[in-house]
Amino acid sequence: FKKLKQKNCPKCREIIQDNDIKYLPQNAIYKHLYSQFFEAGHILPSIEKEDSTNNQYHSDSGDSEIDLMLTKKKRILKAIKLNPNISLKSIFQIGRKQHPTYLSAIKELKEKNYKNAEHWCKLFLKTFPKSYSIRCILAYTYRCLNNYEQAHFYLNEAIELKGKKPNAWYIRGEIHLRQGNYNDAVRDLIASIKYNAKIANLYMMIGISYYNNNNNKDALKYFDIVLQNDPNNHLCLKYCAYIYEKKKIFSNTLKMLGKLLSINEEDSLILCYYGETLSKIGKYGDAITYFTKANNIDPENVHNLTRRAIIYYILQEYDKALLDFNNIIQLDTSNSLAYNYKGLIEDNISSILTFKKCIELDPNNDLEKMYLKDSSNYLPQISNIDYNLKCLPNYHNLTAKINDNESLLLTRCEIYIELKKYEDAALDLNRLFGLNDDVSFVYLLQKYSDFWLYLCRQYIIKKYTQPGITNDFDLYMYNAKGVYFMSNLMNLNYNCQFQGSTNLNSYIIFKAGDNAQIEYVQITKDYHKELPKMDHSLPLYTNNIPETFKKKYFLRKETENLLELKDIIDY
């Protein structure tokens, strides 16, 4: 001990400085190295007695401890002898990874034998009751077994042991996400960021938590971070597309869906969703193209067929619409919506039978009962229709319901027009105008040119006096209701301004807005107002792709594999 100079033996508890370690006795050197690497977590002491604890390696309490160190020394020297070029760091790392209990637990986890993994983890924990990492691994095991109570138990213990390490925080946050505890999930996941967590899907999990908590603003904030690092993140693009659609920012929806199609141009669900979004902004022709592409890939997708059929109906391409609705009925014989539209397209006898089928499928549907009631007026001589409408339980209340219901009223108005009962149709039309300020329902009646001619004659409207107006529908809507459709400007080759009719006393310059698609301008005596185009493109059918195919759009394997074993053991 002469070389120690003023230093004393380690047993005297004098602190030995690292830079003086060369003066220590050989046994003390190995003890010092061993304790340093143990504290850093690089090795696992596999030769301790069953009742030993980690803290015993930080004391100088007896020769038996030095004997353990000497045993470890012999193993190290043996490793060096077998491979003279091996580094000291590698030797100690090999010791950790070769611990049999630890390796057994990881092996069982990788093979998804979770009950076996639980056994090995608990065995390891008996030997090392202060282990933070094995608590995290055991909690992950219980998470895979859907035993969230036990998972939380070990994670809470891990956080009590080492609250500034991130592992337990993000594992607990992911479990809260699985349980639907979204506020708790956000709290724990953000805490793990504070403690420098580096797992790949951390921001994705926070974004999903905010989304599920109806906080789309913060969800988009974290999804944007994900896309900055991974622009082609499939799941993130899907969430963003759906959020932008709900916010009616359709240009961004199309942008997200376009990226998804650049990844996989044959994804039929995304093709259909793209078509749905186009239809919402009135681009029906382009929408048909995408619906058709989706149908070529997945011809039995009833949702996609229904979307295309309804657009064909709106575009008045009735033969194509009828073909699609017949295909839908072949695929789904209980699809009342397909029977509904089919009845609107078919001739008189067929439509009565079709509407009867609708009522059989949905006995509480007042709309279908009204279709059948009024369609039967076409052919009063038919005696073999074994359906007595007056026997319906709510027959006497049906008329009152119609007058207060826009959908029913619009349908009755259309039936009156088909029956050439223009006076009754005009009364229903005025009731529709009185229900609300939205006049875009008239698009569904635009095709009945004889009816609009009748109305123009009733109002003694004789000339197309305003720019771009070339038919009786536009003429009546402008002169009688003060509505000028922007589509009329397509008939012109110049920008226009014009004086309103004398009874309206308004002067209008029409301009298309940057952020809203202006479909028409409605004029009153005191002011004019620009009204955005309303979504009447998909009557009676509003569910979109993410809502109809939630499990396929948000794939379970994508949403449930946001935390993986490698995120824990690699850290």
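Parameters and conventions
Residues numbered from 1 in each chain as written. Predicted model: local features only at pLDDT ≥ 70, side-chain atom pairs only at ≥ 80, totals over all residues. Heavy atoms only, no water. UniProt positions renumbered as here; feature names shortened; annotations may be inferred. Helix = DSSP H or I, 4+ residues; strand = E, 2+ residues; numbered from the N terminus. Buried < 20%, exposed > 50% of the residue type's maximum accessible area, 1.4 Å probe, protein only. Contact = heavy atoms within 4.5 Å. Core = buried A, V, L, I, M, F, W, Y, C linked by side-chain atoms within 4.5 Å. Salt bridge = Lys/Arg side-chain N within 4 Å of Asp/Glu carboxyl O.

- The name given to the chain in an unreviewed UniProt entry is TPR-like protein, with the source organism recorded as Rhizophagus irregularis.
- UniProt, in its Sequence similarities (unreviewed entry) section for the chain, records the words "Belongs to the APC3/CDC27 family."

1. Here we look at the environment of Ala197
Then comes step 1: Note that Ala197 resides in the loop between α9 (182–194) and α10 (202–212).
Then comes step 2: Residue class for Ala197 comes out buried when judged on its relative accessible area of 12%.
Then comes step 3: Through-space distance from the C-alpha of Ala197 to that of Trp169 is 9.0 Å; in sequence the pair is 28 residues apart.
Then comes step 4: Apart from residues lying up to four places away in sequence, Ala197 is in contact with Pro166, Tyr170, Ser192 and Leu202.

2. Focus on unusual backbone geometry
Then comes step 1: In the Ramachandran plot, Asn146 falls in the positive-phi region, its phi being about 60° despite a non-glycine side chain.
Then comes step 2: One can find Asn146 in the loop between α6 (132–144) and α7 (148–161).
Then comes step 3: Residue classification places Asn146 among the exposed residues on the basis of a relative accessible area of 52%.
Then comes step 4: Notably, Gln316 is not glycine yet its phi reads approximately 65°, a positive angle.
Then comes step 5: With respect to the helices, strands and loops of the structure, Gln316 is situated in the loop between α16 (302–314) and α17 (318–331).
Then comes step 6: On the accessibility criterion, Gln316 (38% relative accessible area) is partly exposed.

3. Remarks on the nonpolar core
Then comes step 1: Within the largest apolar cluster, 104 residues are counted, with the highest numbers of intra-cluster contacts made by Met204, Phe223 and Phe325.
Then comes step 2: Apart from residues lying up to four places away in sequence, Met204 is in contact with Phe223, Val226, Asn233, Leu235, Cys236, Tyr239 and Leu562.

4. Considering the pattern of salt bridges
Then comes step 1: All told, the structure shown has 17 salt bridges when counted by the stated rule.
Then comes step 2: Note that Lys115 is salt-bridged to Glu118, the shortest N-O span being 3.0 Å. Residue Lys115 and its partner Glu118 are located together in helix α5 (residues 114–127), separated by 3 residues, close to a single helical turn.
Then comes step 3: Taking relative accessible area as the criterion, Lys115 reaches 55% and is therefore assigned exposed.
Then comes step 4: With relative accessibility at 11%, the residue Glu118 sits in the buried group.
Then comes step 5: Of the charged contacts in the structure, one is a salt bridge between Asp188 and Arg172, with a shortest N-O distance of 2.7 Å. With Asp188 in helix α9 and Arg172 in helix α8 (residues 167–179), the pair connects residues that are 16 residues apart, well separated along the chain. Take Asp188 and Arg172: they sit in the same class, and that class is buried.
Then comes step 6: Members of the salt-bridge network, linked through shared partners, are Arg172, Asp184, Arg187 and Asp188.

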